[in-house]
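Chain by chain, the residues:
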Amino acid sequence: MLRYMTAGESHGKGLMAILEGVPAGLTLSARDIDRDLKRRMKGYGRGKRMAIECDRADIVAGCRKGVTIGSPVGIFIKNRDFKINTLPDVFDPRPGHADLAGVMKYGFKDARDVLERASARETASRVASGAVAKVLLREFGIEILSHVVSVGPVSADVGKLSFQEIKERVRNFGKLNCAEPKAEKAMCREIDKASEKGDTLGGSFEVMVSGAPPGLGSYAQWDRRIDAAFARALMSIPAVKAVSIGRGMESARSMGSDVHDVITYNRAGKCFGRSSNNAGGVEGGVTNGQTIMVTGFMKPIATLMSPLATVNMKSKRKSGASRERSDTCAVAACGVVAEAVVAIEIASAFLEKFGSDSVEEIRRNHKAYLEAVKNI
Ligand SMILES: Cc1cc2nc3c(=O)[nH]c(=O)nc-3n(C[C@H](O)[C@H](O)[C@H](O)COP(=O)(O)O)c2cc1C
């Protein structure tokens, strides 16, 4: 099992992640993590904070001579914008953010005490943790990507593209990590329009996983279903309000004969296959060997430059919501965070199935299992 915890405030000294369950014998460098940290900071519509930060991972535990030793992996990411003790108090809670609920919950007078941790800056620690999981999965031919599917009213039409085709198209991230250039341009225009009005936008993104073996997760108990793990992982990302797997909501409107993926068999390769992948690589809470496809839906950013109405917590009078330096749209970055949390769920299920002490042990078990699957 792979477990992780994060700590750190948006304008504190930095962010931390502890990742437990990483097997011994994995070659790991900060570069593997920095690549994804950099991708999380990108995307058309990000605010000025991203221009200030230059996230870099410092691996402070769990490695010796660049190789994991089975102990918890500790990662520190320094905040350049460290000024938590001098920032102004916040008395005008923002609708759509944790400000008011958090103040009530902890008995604070100042919403700064809430938003410093509720801010999505925390997701940098998750991206760092997920990057370690990705390094492990890559050892076993499992790859993960994300791409932006929609921003506001604009959608990309990429439903028929394979993992490899999407991978080629988003190789350089572009402005929005979208696989359809025309749609990406239109999305950027929507972001400009929202920004001019002091407004914000949400959207959706898809996470795709190739090379995952069949049999990760389980139908035997509710909390071992891998689809449930994906849903929880994505919903735990700030601002994600819905998750779907494969054809998701659309399948509820279709006939069974249009939805379920017909089973095929390749005698030469001794392997089962499917004529389609509407299930998104999961059936019965278990991976079925097809590409995994999980979509997340993000609400618009809660901080508006043309602030929404709120009530000042001291005067109890009507006022405008506080304005923190903020993104107009962060759907592409949210996709990168989603890659990370999905990677952790897959790595966790992978370690549960194949053992978790050393990479060599896992390699033996994984190889023997794939042989056995061929012979069913
Ligand atoms: C990558 C990323 C960046 C975000 N950037 C901002 C931001 O700049 N300003 C903001 O108000 N909310 C931002 N959010 C969203 C808030 O964190 C989110 O609206 C808030 O936590 C409340 O959402 P919840 O009700 O789902 O927790 C961002 C979210 C993500 C995933």
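Now for a quick tour of the structure. Only a predicted model underlies this, so the values are computations on that prediction, with no experimental measurement involved.

### Overview of the state of the cysteines
Then comes step 1: Considering all chains together, one arrives at zero disulfides under this definition.
Then comes step 2: Summary of cysteine pairing: Cys-334 is not part of a disulfide, and the nearest cysteine sulfur, belonging to Cys-329, is at 9.6 Å.
Then comes step 3: Overall, Cys-334 belongs to the buried group, its relative accessible area being 4%.

### Comments concerning the site of the ligand
Then comes step 1: Neighbouring the ligand are 20 residues; Ala-239, Lys-241, Thr-303, Ser-326 and Asp-327 lie closest to it.
Then comes step 2: Here Lys-241 contributes a side-chain N or O atom positioned 2.8 Å from an oxygen atom of the ligand.
Then comes step 3: One of the side-chain nitrogen or oxygen atoms of Lys-299 is found 3.0 Å away from an oxygen atom of the ligand.
Then comes step 4: Of the residues belonging to the shell around the ligand, the class tally is 11 nonpolar, four polar and five charged.

### Considering the packing of helix H5 (residues 123–138) against helix H11 (residues 331–354)
Then comes step 1: Closest axis-to-axis distance for the H5/H11 pair is 7 Å, and the angle between their directions is 45°. In terms of orientation, H5 and H11 fall into the oblique class. Considering how the two elements wind past one another, H5 and H11 form a crossing that is left-handed. The segment H5 lies against H11, with Thr-123, Arg-126, Val-127, Ser-129, Gly-130, Ala-133, Lys-134, Leu-136 and Leu-137 engaging Val-336, Val-337, Glu-339, Ala-340, Val-341, Ala-343, Ile-344, Ile-346, Ala-347, Phe-350 and Leu-351.
Then comes step 2: For the contact of H5 with H11, the per-class residue count stands at 14 nonpolar, three polar and three charged.

### Observations concerning the packing of H11 against helix H12 (residues 359–374)
Then comes step 1: Interhelical geometry of H11 versus H12 gives an angle of 80° and a closest axis separation of 9 Å. Of the possible angle classes, the one that applies to H11 and H12 is roughly perpendicular. Contact with H11, carried on its side by Phe-350, Leu-351, Lys-353 and Phe-354, involves Glu-361, Ile-362, Asn-365, His-366 and Tyr-369 of H12 and no other residues of that element.
Then comes step 2: For the contact of H11 with H12, a count of residues per class yields five nonpolar, two polar and two charged.

### What about the sheet that holds strand S9 (residues 203–210)?
Then comes step 1: Strand order in the open sheet formed by five strands is S8-S7-S9-S15-S10, with antiparallel pairing between adjacent strands. Only two strands of the sheet have a single neighbouring strand rather than two, namely strand S8 (154–155) and strand S10 (240–245).

Calculation notes
- Residues numbered from 1 in each chain as written.
- Predicted model: local features only at pLDDT ≥ 70, side-chain atom pairs only at ≥ 80, totals over all residues.
- Heavy atoms only, no water.
- Disulfide = S-S within 2.5 Å.
- Buried < 20%, exposed > 50% of the residue type's maximum accessible area, 1.4 Å probe, protein only.
- Near = heavy atom within 4 Å.
- Polar contact = N/O pair within 3.5 Å; in protein donor to acceptor, adjacent residues only side chain to side chain.
- Nonpolar A, V, L, I, M, F, W, Y, C, P; charged D, E, K, R; others polar.
- Axes fitted to C-alpha atoms, helices over the stretch in contact; angles between N-to-C directions.
- Helix = DSSP H or I, 4+ residues; strand = E, 2+ residues; numbered from the N terminus.
- Parallel < 35°, antiparallel > 145°, perpendicular 65-115°, else oblique.
- Left-handed = near helix turned anticlockwise from the far one by under 90°.
- Contact = heavy atoms within 4.5 Å.
- Pairing = 2+ DSSP bridges.

Fair warning: the whole summary comes from geometry, so function is off the table for now.
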